[in-house]
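Chain by chain, the residues:
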Amino acid sequence: MADAIASERGPQRAHAEGHGAAALYTDPGGLWATIRGWITTVDHKRIGIMYASAALFFLLVGGLEALLIRVQLAVPENDFIGAETYNQLFTMHGTTMIFLVAMPLAVAFFNYIVPLQIGARDVAFPRLNALSFWVFLFGGLFLNSSWLFGAAPNTSWVGYANLTSVQYSPGLNVDFWVIGLSIVGISSLIGAINFITTIINLRAPGLTLMRMPLFTWMTFVTSWILATAIPVIAVALIFLAADRFFATNFFVPGAGGDPVLWQHLFWIFGHPEVYILILPSFGIISEVVPTFSRKPLFGYPIVVYAGILIGFIGWGVWSHHMFTTGLGPIADSFFVASTMIIAIPTGVKIFNWLATMWGGALRFTTAMLFAIGLVAIFTIGGLSGIMHASAPVDLQQHDSYFVVAHFHYTIVGGAVTGLFAGFYYWYPKVTGRLMSETLGKWHFWTFIVGFNLTFFPQHFVGLFGMPRRVFTYPAELGLGGWNMASTIGAFIFGVSTLIFVWNLIRSARRGTPAAANPWDAPTLEWSVPSPPPHYNFAEIPEVESRDPLWKGAAAGPDRAVATGGDEPHMPSPSAWPILTALGISLTWILLMARIWWVPLIGLAVTAVCVYSWAFQPAFRAES
Amino acid sequence: MEIAHHPPTATGLDNRKLGFWTFIGSETLFFGSLISTYMVYKGAAVTGPYPHEVLNIPVTSVSTFVLLTSSLAMVLALNAVQRGSRAGTLTWLLATAIGGLIFLGFQAYEFTTFVHEGLTIQTNVFGSAFYVLTGFHGAHVSVGVLWLLTLAALTAMGKIGREDSLKVEIAGLYWHFVDVVWIVIFTLIYLIP
Amino acid sequence: MSAAAQDQESVVGGTGSTDEPASHPTWRFYVMIGLILTVITAAEVAVFYIPALRGVLVPILLVLSGAKFALVVMFYMHLRFDSPIFSGVFVAPLLLAVLVVVALIVLFHVLPHGMGTISGSG
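Definitions and limits used
- Residues numbered from 1 in each chain as written.
- Chains lettered and ligands numbered in written order.
- Predicted model: local features only at pLDDT ≥ 70, side-chain atom pairs only at ≥ 80, totals over all residues.
- Heavy atoms only, no water.
- UniProt positions renumbered as here; feature names shortened; annotations may be inferred.
- Helix = DSSP H or I, 4+ residues; strand = E, 2+ residues; numbered from the N terminus.
- Buried < 20%, exposed > 50% of the residue type's maximum accessible area, 1.4 Å probe, protein only.
- Contact = heavy atoms within 4.5 Å.
- Domains from an automatic or database assignment.
- Buried area = accessible area lost by both parts, 1.4 Å probe.
- Salt bridge = Lys/Arg side-chain N within 4 Å of Asp/Glu carboxyl O.
- Phe/Tyr/Trp six-rings, centres within 6.5 Å; stacked < 30°, edge-to-face > 60°.
- Lys NZ or Arg CZ within 6 Å of the ring centre and 35° of its normal.
- Polar contact = N/O pair within 3.5 Å; in protein donor to acceptor, adjacent residues only side chain to side chain.
- Nonpolar A, V, L, I, M, F, W, Y, C, P; charged D, E, K, R; others polar.
- Axes fitted to C-alpha atoms, helices over the stretch in contact; angles between N-to-C directions.
- Parallel < 35°, antiparallel > 145°, perpendicular 65-115°, else oblique.
- Arc of directions from axis to C-beta.
- pLDDT = per-residue confidence, 0-100.

Chain C goes by Cytochrome C oxidase subunit IV family protein in an unreviewed UniProt entry, where it is assigned to Candidatus Kutchimonas denitrificans. Regarding chain C, the relevant UniProt record gives this comment under Subcellular location (unreviewed entry): "Cell membrane".

The name given to chain B in an unreviewed UniProt entry is Cytochrome bo(3) ubiquinol oxidase subunit 3, with Candidatus Kutchimonas denitrificans as the source organism. The heading Sequence similarities (unreviewed entry) in the UniProt record of chain B holds the text "Belongs to the cytochrome c oxidase subunit 3 family." Comment text from UniProt for chain B, heading Subunit (unreviewed entry), reads "Heterooctamer of two A chains, two B chains, two C chains and two D chains."

Draft legend 1. Representation of the overall build of chain C in the model. Counting secondary structure elements, chain C contains 4 helices and 0 strands. In chain C, the succession of helices and strands from N to C terminus is α-α-α-α. By the burial criterion, 42% of the 122 residues in chain C qualify as buried. Sequence-distant contacts, at least 24 apart, represent 52% of the contacts inside chain C between residues at least 6 apart.

Draft legend 2. Region of interest: the domain arrangement of chain C. Residue and element names in this part refer to chain C. Structurally, chain C comprises domain 1 (15-82) and domain 2 (83-122). Facing 5 residues of domain 1, the contacting portion of domain 2 comprises 6 residues. Taken together, the two surfaces of domain 1 and domain 2 that pack against each other cover about 440 Å², and 73% of this comes from carbon and sulfur. At the boundary of domain 1 and domain 2, one finds 0 salt bridges.

Draft legend 3. Focus on the packing of aromatic side chains. This structure, assessed with the given rule, holds 81 aromatic pairs over all chains. Geometrically, the ring pair formed by Trp157 of chain A and Trp267 of chain A is edge-to-face, given 5.9 Å between the ring centres and 85° between the ring planes. Of the two residues, Trp157 of chain A sits in the loop between α7 (126-145) and α8 (173-201) while Trp267 of chain A sits in helix α10 (residues 259-293), which places them 110 residues apart along the sequence. The residues Trp157 of chain A and Trp267 of chain A share a single accessibility class, namely buried. Ring centres 5.7 Å apart and planes at 20° place the aromatic pair Phe447 of chain A and Phe451 of chain A in the stacked group. Of this pair, Phe447 of chain A and Phe451 of chain A both sit in helix α16 (residues 437-463), 4 residues apart, which is roughly one turn of the helix. Given the relative accessible area of 0%, Phe451 of chain A is considered buried. Cation over ring: Arg46 of chain A sits above Trp38 of chain A, and NZ or CZ is 4.6 Å from the ring centre. Positioned over the ring face of Phe48 of chain C is Arg54 of chain C, at 5.7 Å from the centre of the ring.

Draft legend 4. Geometry of the interface of chain B and chain C. Each partner contributes to the interface: chain B provides 53 residues, whereas chain C provides 50 residues. The junction of chain B with chain C conceals about 4500 Å² of combined surface from both sides, 75% of it contributed by carbon and sulfur atoms. Our enumeration of links across chain B and chain C arrives at 1 salt bridge. Of the charged contacts in the structure, one is a salt bridge between Asp82 of chain C and Lys17 of chain B, with a shortest N-O distance of 2.6 Å. The interface formed by chain B and chain C holds 5 residue pairs in polar contact (both at pLDDT 80 or more) in total. Of all the secondary-structure elements, those providing two or more residues to the side of chain B that touches chain C are α2 (15-40), α4 (57-83) and α7 (165-191) of chain B. When residues of the side of chain B that touches chain C are assigned to their parent elements, the largest contribution, 15 residues, is made by α7 of chain B. Tallied by class, the residues present in the side of chain B that touches chain C amount to 31 nonpolar, 16 polar and 6 charged.

Draft legend 5. Broad picture of the interface of chain C and chain A. Every contact between the two is made by 20 residues of chain C and, on the other side, 23 residues of chain A. Between chain C and chain A, roughly 1700 Å² of surface is buried when both sides are summed, and carbon and sulfur atoms account for 81% of that area. When residues of chain C are sorted by the area they lose upon contact with chain A, Leu96, Leu107 and Phe108 of chain C head the list and together hold 27% of the total. Where chain C touches chain A, the interface holds 0 salt bridges. Joining chain C to chain A, the criterion identifies 0 residue pairs in polar contact (both at pLDDT 80 or more).

Draft legend 6. Here's a closer look at the packing of α2 of chain B against helix α4 (residues 84-110) of chain C. The geometry of α2 of chain B relative to α4 of chain C is characterised by a closest axis approach of 8 Å and an angle of 10° between their N-to-C directions. On the basis of the axis angle, α2 of chain B is roughly parallel to α4 of chain C.

Draft legend 7. Up close: the environment of Gly34 of chain C. Here Gly34 of chain C is to be found in helix α2 (residues 27-49). On a C-alpha basis, the gap between Gly34 of chain C and Ala52 of chain C in space is 29 Å, while along the polypeptide they are 18 residues apart.

Draft legend 8. Structural detail: the pattern of salt bridges. Residue and element names in this part refer to chain A. According to the stated counting rule, one finds 10 salt bridges over all chains in the structure shown. The residue Arg244 makes a salt bridge to Asp175 at a minimum N-O spacing of 2.6 Å. Residue Arg244 is located in helix α9 (residues 214-246), and its partner Asp175 is located in helix α8; the two are separated by 69 residues in the primary sequence. Across the pair, exposure class does not vary: Arg244 and Asp175 are buried alike. Between Arg294 and Asp520 there is a salt bridge, with the nearest N and O atoms lying 3.3 Å from each other.

Draft legend 9. Layout of helix α4 (residues 31-39) of chain A. All names here are of chain A. Residues Ala33, Thr34 and Trp38 constitute the buried set of α4. Seen from one end, α4 has its buried residues packed into an arc of 135°, which puts them on one side. Looking at α4, the residues exposed on the side facing more than 90 degrees away from the buried face are Trp32 and Arg36.

Draft legend 10. Region of interest: the confidence of the model for chain B. Put simply, chain B has an average pLDDT of 93, and 96% of its residues get 70 or more. In this model, residues 1-5 of chain B is a region of pLDDT below 50 whose contacts with residues beyond four sequence positions or in other chains number 5 contacts.

Draft legend 11. Spatial organisation of unusual backbone geometry. In this structure, the amide linkage connecting Ser530 of chain A to the following residue, Pro531 of chain A, adopts the cis form with an omega of -10°. With respect to the helices and strands, the residue Pro531 of chain A is situated in the loop between α17 (480-510) and α18 (576-589). With an omega of -5°, the peptide bond running from Gly48 of chain B to Pro49 of chain B counts as cis. Positive phi values are uncommon outside glycine, yet Arg294 of chain A reaches one of about 50°. Looking at where Arg294 of chain A falls in the secondary structure, it is placed in the loop between α10 and α11 (300-313).

Below, the structure is given as structure tokens:
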């Protein structure tokens with residue numbers, strides 16, 4: 001059905017434009033030149049593709065970890081894997097899925113889509129953009145290299161002090177965690193500053209703030225949260241690193257340190273982080289729902305303001321993760337109230353999406369199905385969230401599988417579902433081909449069944465008293481059936497993800513060719529060929545409305561064809577971003593030597609790279 | 001080609017300056033978290049030396065004065081480069097860097113004295129919070145000094161002219177920010193008992 | 001460029017790369033700010049040593065250092081003369097930073113604790 005939709009304007013035009021993805025992404029100089037082209041690229045589109053590829057790789061790793069966890073929990077008193085391996089698996093599963101999958105997948109879309117949506121030729125700082133990616137990749141690989149040493153992090157993704165102290169975690173496990181996360185954090189920070197500058201400064205003429213596409217808006221808000229929240233976790237990680245490598249006392253109770261401070265710093269970052277995960281997906285479906293309803297987004301300003309409000313209030317709710325630490329009645333009451341308040345702007349958005357669909361000419365493409373899936377599943381996650389916003393309820397549910405069910409409903413059912421919608425929606429823009437709708441629907445329905453079968457029972461398992469992060473449970477609890485259901489669901493979910501990955505790979509070669517605007521979508525990225533030329537826009541467009549391809553001068557029969565003209569001069573490739581990333585990573589990794597001056601070697605490498613970078617002109621004459 | 005270097009922006013503001021202000025905004029949270037920790041741990045140390053036993057107000061007042069004065073030198077450097085005075089730019093950039101170096105000298109003296117008095121980064125939670133906070137500030141000053149010396153060298157080689165005043169301005173933003181962080185540290189850590 | 005952006009451009013008087021002497025304070029002005037900063041610092045240290053002011057030391061110091069902070073940011077960093085966008089990207093995170101500092105001080109030192117290791121005084 002959707003293939004038919006795509007072909008309305010699609011295949012005939014696509015061939016005429018003649019931009020093959022293969023020709024765009026390979027170098028005529030051969031394999032080595034192609035590799036060098038990618039390593040030194042500063043093109044936001046290539047960087048976006050690399051982010052997505054790396055994150056999908058980590059998705060498979062994190063998914064495998066999840067399946068091992070579920071096998072262990074399938075039956076009571078299982079001895080499939082021991083407690084120690086189990087600890088490493090759930091720690092790495094959480095850390096990987098949040099920092100190496102959900103965040104970079106969103107960043108992949110920021111990279112590829114935002115400059116196109118705002119009518120820019122690239123981001124504000126193309127080389128810094130490359131640096132962000134390489135730092136992220138090295139951090140992620142370093143974190144996962146811990147498996148090779150049999151010392152994967154094992155103190156959970158929240159790494160509560162003082163379990164992470166040398167006294168209680170003498171191995172290398174926590175070293176890998178604190179260093180890996182620090183490196184990845186640097187990447188997020190640089191990226192955030194880049195996107196804030198890009199969105200403020202590189203908008204096309206006429207693209208005022210209140211005409212910006214919602215995805216760009218949510219990227220903007222998310223980047224602000226990153227720019228402000230990452231420094232806080234950076235400081236917490238510095239304290240932990242100092243405690244471990246330089247024997248300081250930040251989280252040593254005997255010396256006056258307070259482990260609860262770790263929790264505060266972690267969650268001051270950690271709760272805004274939740275919105276870092278969800279807002280990009282809110283942005284994605286705010287593009288997808290109007291496009292496939294053939295209606296402008298209902299209440300655009302409200303959705304924008306709600307997003308900004310979520311970003312701000314998200315800063316005032318962190319201690320709801322800490323009710324069980326005994327903050328006292330005043331603090332508890334404050335954080336209960338603020339947590340309940342933040343549900344309001346979130347709920348508002350749900351109604352905006354529903355109202356956009358109301359009376360629209362709905363087209364149930366896979367992208368649209370995932371967008372609707374987000375609205376449904378995220379709402380369930382939101383409701384369970386309001387339950388444990390209440391401190392007394394939370395005291396019962398804390399650290400139980402109820403919480404596991406809740407945050408998987410929000411992060412997988414919300415963030416990841418939205419990212420899937422984004423993949424189906426923008427894939428034709430990136431590759432010039434549509435993803436298979438048949439496989440897409442298989443993906444969607446197996447996802448819905450697998451996801452809900454995995455996590456819905458966990459609400460009950462939690463309320464019946466099963467704690468999280470424990471590697472097994474006695475048969476007398478009577479939870480074997482629920483857990484087996486979860487495990488079966490997880491495997492269906494796993495199959496569903498493989499269908500998705502297969503669809504991504506297969507469609508790149510065999511998908512239906514797509515025109516510039518296969519969905520008849522309203523925003524600027526659809527005005528350039530699919531895939532876009534490396535300079536995006538031959539001429540910078542003028543924007544006259546929120547939906548430039550639906551209303552205004554750009555709308556019309558020929559709107560989808562970029563005009564010709566001389567190729568704009570674009571920033572030159574550079575090897576310094578990847579080398580600087582190596583220097584930064586090395587600085588952190590050398591901390592493991594536990595000799596104070598050794599990391600300075602990495603710092604020296606970084607300094608040399610930064611100087612070389614600074615003195616290399618961004619634009620160089622073509623050789 | 002020149003146009004490609006600095007395409008007009010939606011706001012008319014330079015990308016580098018806007019990006020740098022955003023970075024400074026982000027840095028407020030970095031130092032905010034470090035300062036919070038120091039404040040949270042105020043009075044938490046279970047063994048000495050305690051803050052009032054080691055902190056030297058007269059000496060730190062002098063180093064604070066030096067850092068503030070270097071900020072003045074920094075704006076004068078910017079003023080000079082905007083007027084197109086190469087000698088003025090060079091003089092004031094060097095003066096700023098020297099101010100930074102003197103401040104670092106004071107910090108080195110302070111740290112050494114503290115260690116002699118028995119306060120290391122490992123002694124107690126006060127030592128940990130103090131050294132990490134002021135150490136990161138000192139690291140920022142060091143980066144600033146390197147940056148200023150680089151600009152001074154470029155100015156001496158005639159590579160920084162009026163049209164490059166933004167380069168001096170951004171270095172200045174960094175320098176003044178490091179200065180205001182010290183203003184906060186001096187009050188909260190040194191003066192408030 | 002949109003009309004709004006052009007307006008703003010003319011108000012803020014350039015981006016540093018354009019020459020607009022009117023927007024750049026004079027040498028004399030900078031020295032005066034420097035003198036005020038020095039005087040305030042001297043006052044801070046003096047207040048610290050006056051026993052009679054012990055009781056109000058903290059509020060006085062906070063006001064004085066806040067004034068110094070504002071002077072440097074407004075005049076040396078030019079936020080007073082520059083585009084309000086720069087003020088926005090600086091002040092919004094600064095407020096969050098202040099929120100974090102104040103919230104943590106309140107949580108650890110003011111509010112009574114249930115189980116915290118640092119006992120509250122409230």
